[in-house]
Amino acid sequence: MTWHSQRGDRTLTGAEAVLIRETLAYVVDMVEDDITESADPWEFGVAAFDRLEPPARLAMLAEVGWALLRDTESYPELAALNEATVAVLFNAIEQGLEFEIDCHNENELEARFSWRRLLLDAITEGNDLSDLPSVDCRDMSEWQFIIETLSDWILWDHDFNSAEYFLDTPPEQADMMRERFGIDDDYYRAIPPDPKECDLPAIRATLNELCGR
């Protein structure tokens, strides 16, 4: 598929695709750890995604990853759930970057700046930008601006954060508010995936392909 973004219908390429591919692998590993360890699922700070069970999270990551990274003739209809999954990727970048800055290992030179290199490569490819931080910058606010910019290149807005409000609001009032803010009637009605155990090998195979494993 192709993703319907503010920059048009597009498939991510180059350094931007590398960033999303690496982030996808990072998030998948975290979800798989939750499954293996039977732990409470990690919270990424996006309610529509965080309330999913780990197998459903894997299914959404596969669906959204395919839409972002594979060029096809169609794109998925934008809905709270798939846009929330995209937002999770950018929240994960921020979480990984915070860990990189706070806990960098002097003996692992390649890993010390890995997230920062990926972000700089993605933001500068094909763009003439100035006043960007150096790769060893430890000021999170500098990097958050880049993360938000890259996120805005893909996401239209953050209406997915209002899912619980619209789902809990009386229908007439919710319809009025959706119309006021230009939100499609079905935006919050997408049914989360419910993969069975027998579905997981195919989902994992798709994720491995997308992550280049």
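The structure under discussion appears in the preceding block.
All chains use their own residue numbering, which begins from 1 and follows the written sequence. With the structure being a predicted model, the display of local features is reserved for residues of pLDDT at least 70 and the display and counting of side-chain atom pairs for 80 or more, all residues being used for whole-chain, interface and lining totals. Excluded from the side-chain calculation are hydrogens and water; included are all heavy atoms of the structure.

Novice: So what exactly am I meant to see when it comes to the packing of helix α3 (residues 54–69) against helix α10 (residues 200–210) here?
Specialist: To characterise two packed helices, one gives the angle between the axes of the helices and the distance between these axes. Where helices are involved, their axes are fitted lines through C-alpha atoms of the stretch in contact, as for all axes, and angles between N-to-C directions lie from 0 to 180°. Counting from the N terminus, the helices are DSSP H or I runs at least four residues long and the strands are E runs at least two residues long. Between α3 and α10, whose axes approach to 9 Å, the crossing angle comes to 40°. Considering the angle they form, α3 stands oblique to α10. Of the two possible hands of crossing, α3 and α10 adopt the one that is left-handed. Along its contact with α3, which presents P55, L58, A59, L61, A62, G65, W66 and L69, the element α10 presents L200, I203, R204, T206, L207, E209 and L210. An angle below 35 degrees is read as roughly parallel, one above 145 as roughly antiparallel, one from 65 to 115 as roughly perpendicular, and any other as oblique. Note: crossing handedness is left-handed where the near helix turns anticlockwise from the far helix by less than a right angle, and right-handed where it turns clockwise. Residues are treated as being in contact if the distance between any of their heavy atoms lies within 4.5 Å.

Novice: Looking at this structure, I do not really get the packing of helix α4 (residues 80–102) against helix α7 (residues 140–152). What am I missing?
Specialist: Where α4 meets α7, the closest approach of the two axes is 10 Å, and the angle between their N-to-C directions is 160°. What the angle tells us is that α4 and α7 run roughly antiparallel. Considering how the two elements wind past one another, α4 and α7 form a crossing that is right-handed. Side by side, α4 and α7 meet where F90, I93, E94, L97, E98 and I101 of the first sit next to M140, W143, Q144, I147, L150 and S151 of the second. Ten residues, namely Ala, Val, Leu, Ile, Met, Phe, Trp, Tyr, Cys and Pro, are considered nonpolar, four, namely Asp, Glu, Lys and Arg, are considered charged, and the remaining ones, Gly among them, are considered polar. Residue composition of the contact of α4 with α7, grouped by class: eight nonpolar, two polar and two charged.

Novice: Explanation requested: the pattern of salt bridges in the structure shown.
Specialist: Any two side chains of opposite charge can pair, so long as their charged atoms come close to each other. Note on definitions: salt bridges are taken to be side-chain nitrogens of Lys or Arg within 4 Å of carboxyl oxygens of Asp or Glu. Counted by the stated rule, this structure contains seven salt bridges. With its nearest N and O atoms 3.0 Å apart, the salt bridge here joins R213 to D29. On the criterion of sequence distance, the pair formed by R213 in the segment after α10 and D29 in helix α1 (residues 14–37) is long-range, its members being 184 residues apart. Only protein chains enter the accessibility calculation, which uses a 1.4 Å probe; a residue is then buried when its area is under 20% of its type maximum, exposed when over 50%, and partly exposed in between. The exposure class of D29 is partly exposed, given its relative accessible area of 36%. Residues E209 and R70 are paired through a salt bridge, measuring 3.6 Å at the closest nitrogen-oxygen approach. With E209 in helix α10 and R70 in the loop between α3 and α4, this pair connects stretches of sequence that are 139 residues apart. You can call E209 partly exposed: its relative accessible area is 43%.

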